[in-house]
Structure formats: structure tokens, C-alpha cells
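Residue-level structural notes
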Amino acid sequence: NQVIEDSPFGIFGVFALEYGNFMSNMNFDNEDYFAWAGKHFQDLGAKMSRINTLLIWNKVEPNPGKGYVWEGENILKTDSILKSAFKYGGDDFGMVMVIEPSRHRKINIDDGNKVYLKNFIRAAVERYNGDGINDFDTNIKVKYWQASNEPFLFNEWFKQGGTIESYADFVRLMSEAVKSVDPKAKIVLGAETAIR
């Protein structure tokens, strides 16, 4: 929406469970932390946030074609973190969601896996786009989808068997899958600082 588009800034990683020492020192449980972070986030006038990786394909779909684990055994806690972020992020809050095709395993987006990866991406967009169809929570309206988290930093993409061409193929596949569910969604390329 226009408020998010016009917002001067967002804050990275506000709604994440990566601050264990801080939470412990403040005697915060998860809900306390999200309420505290959300208040400061809103006071600063921020409208956007992003978390490193909430949608790692092999964590959400450990066995392709056998169903998705959005919460529970999924250590990423995608559902609960998004629910809290949208609860405490304020009016017109927006989240950039990262779709990671592989984390700590060989990238394998061959023809046999493309169908599963596309289905996973479609399922994620359907779950979190807030259109009322197959949604986890209609208050969650994700409209920005990032193609991997820093794919070339420290050569991680290459170490896992990826190439520049395979990243371009992933972006194309991801864009097609996202737009097939939500034509107005935006695709964000993975940020990069060091290609070697």
C-alpha cells in the first residue's frame, strides 16, 4: 500500500527471536519482547522490517511433496513470528519475507525439484498474503518476497553447488510462483556485499 511505499525507512530484524541475552536480561518472554520492540518500532515511525530467513525450503518442507511444517517442529517459528510482527508492527506494517531454496545443503533446483519448489513458494504466498484464501491469518499481508538471503556473501551459493545462472533461474521460478498467486506482489533480489 502507499504508506509502506512512501515510508522513509524500515528496521531490519526487529521481530526476530535472535536476542536471547537481551530478552533474558530484561526478563522478557517472546510476547513481552515483541510488544517492547513493536512500541519502539512504531515510535520511530518505521513501517517495514525483514528477518534473515523465515522460509528455508528444507526446514519448512523437509520431505518434498510430504507437507509443510510452518510451526511446531520448524525451528524458524514462521507463523508465530509473523503473527507477532503484524500484531505489534502498527498500522500499515510491511514485512519482506525471504525465500531460501537451500540452507546448509546442496542447491538442487533441477527439473525434478522445480515442481516441489514452485508449490512450496505458492503455498507460502497463499498462506501469508492476507487475501482470505488459504491464509494462516488474514491480518498478515506479505507483499514483498526476497530471493534468498545474501546468496553470494562468502560464496555460500557457490559452495552449495549454485552458479550465477542457477540464481537467475531461481529468481525467475520464484517470481513466476509468487505472481501466480499474488500478481501485485514485489520480488526483491538477495542483497550482496562480496562476490568472489
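The rules behind these values
Per chain, residues are indexed from 1 in the order of the written sequence. The predicted nature of this model means local features are confined to residues of pLDDT at least 70 and side-chain atom pairs, given and counted, to a pLDDT of 80 or more, with totals for whole chains, interfaces and linings taken over all residues. To get the side-chain values, all heavy atoms of the structure are used, and hydrogens and water are removed first. Secondary structure counts use DSSP, requiring at least four H or I residues in a row for a helix and at least two E residues in a row for a strand, with both numbered from the N terminus. In this analysis, the expected span of each helix is defined as 1.5 Å times one less than the number of residues it contains. Accessible area is worked out with a 1.4 Å probe on protein chains only. A residue is then buried under 20% of its type maximum, exposed over 50%, and partly exposed in between. Summarising the geometry, the arc corresponds to the directions from the helix axis toward the C-beta atoms. Polar contact is defined as a pair of N or O atoms within 3.5 Å, subject to the rule that within protein one atom must be able to donate a hydrogen and the other to accept it, and that residues adjacent in sequence are counted only when both atoms are side-chain atoms. In this description, strands pair whenever DSSP reports at least two bridges between them. In what follows, residue pairs with any heavy atoms lying within 4.5 Å of each other are defined as contacts. Between the N-to-C directions of two axes lies an angle of 0 to 180 degrees, each axis being a line fitted to C-alpha atoms and, for a helix, fitted only over the stretch in contact. By definition in this entry, angles of less than 35 degrees are roughly parallel, angles greater than 145 are roughly antiparallel, angles of 65 to 115 are roughly perpendicular, and the rest are oblique. By definition, turning the near helix anticlockwise from the far helix through less than a right angle yields a left-handed crossing, and turning it clockwise yields a right-handed one. Each residue gets one of three labels, nonpolar for Ala, Val, Leu, Ile, Met, Phe, Trp, Tyr, Cys and Pro, charged for Asp, Glu, Lys and Arg, and polar for the others, Gly among them. pLDDT: the predictor's confidence for each residue, scored from 0 to 100. Note on terminology: a nonpolar core comprises buried Ala, Val, Leu, Ile, Met, Phe, Trp, Tyr and Cys residues joined through side-chain atoms within 4.5 Å.

Its 14 residues give helix α3 (residues 30-43) an end-to-end C-alpha distance of 20 Å, which sits within 8% of 20 Å, the value for a rise of 1.5 Å per residue. Regarding α3, the residues found buried are Tyr33, Phe34, Ala37, Gly38 and Phe41. The buried residues of α3 all sit within an arc of 125° when viewed along its axis, so they share a single face. Here α3 starts with a cap whose side-chain oxygen sits 3.1 Å from the backbone nitrogen of Glu31, and that cap is Asp29. Gly45 sits one or two residues past α3 and shows a positive phi near 80°.

With that out of the way, let us pick up unusual backbone geometry. Note: most residues except glycine have negative phi, and most peptide bonds are trans. Of note in this structure, Asn27 is not a glycine but carries a positive phi near 55°. One can find Asn27 in the loop between α2 (20-25) and α3. Positive phi outside glycine occurs at Ser148, with the angle close to 75°. Take Ser148: it is sitting in the loop between β5 (144-147) and α7 (156-159).

Burial of strand β4 (residues 94-100) is extensive: 7 of the 7 residues sit out of reach of the surface. Neither face of β4 is exposed, since Gly94, Val96, Val98 and Glu100 on one face and Met95, Met97 and Ile99 on the opposite face are all buried. Strand direction decides the pairing type here: strand β2 (residues 48-50) and β4, joined by 3 bridges, are parallel. Across the sheet, Ser49 pairs through a bridge with Met95, a residue of β4.

Looking now at the side chain of Ser148. The exposure class of Ser148 is buried, given its relative accessible area of 0%. Those residues in contact with Ser148, other than ones at most four positions away along the chain, are Val98, Ile99, Glu100, Pro101, Trp157, Tyr167, Phe170 and Gly190.

Another point: the environment of Glu61. Within the secondary structure layout, Glu61 lies in the loop between α4 (57-60) and α5 (78-88). Considered as a pair, Glu61 and Leu117 are 56 residues apart in the sequence and their alpha carbons are 9.3 Å apart. In contact with Glu61, other than residues within four places in its own chain, are Lys66, Gly67, Tyr68, Tyr116 and Phe120. Separated by 2.7 Å, the side chains of Glu61 and Trp57 make a polar contact.

Here the focus is the packing of α3 against α5. At a closest axis distance of 9 Å, the pairing of α3 and α5 adopts a crossing angle of 40°. It follows from the interaxial angle that α3 and α5 lie oblique. As for the relative orientation of α3 and α5, their crossing is right-handed in sense. Between α3 and α5, the residues in contact are Glu31, Phe34, Ala35, Gly38 and Gln42 and Ile81, Ser84, Lys87 and Tyr88, respectively. Classifying every residue of the contact of α3 with α5 gives 4 nonpolar, 3 polar and 2 charged.

Turning to the confidence of the model for the protein chain, a few remarks are in order. Averaged over all residues, the pLDDT of the protein chain equals 86, while 86% of them reach at least 70. Mean pLDDT values for the elements of the protein chain range from 61 in helix α1 (residues 2-6) up to 95 in α3.

Counting 50 residues, the largest nonpolar core has Phe15, Leu55, Phe120, Ile121, Trp145 and Phe170 as its most contacted members. Only α3, β3 (55-56), α4, α5, β4, α6 (111-128), β5 and α8 (164-181) provide two or more residues apiece to this core. Among the elements that make up this core, the one with the highest residue count is α8 (8 residues).

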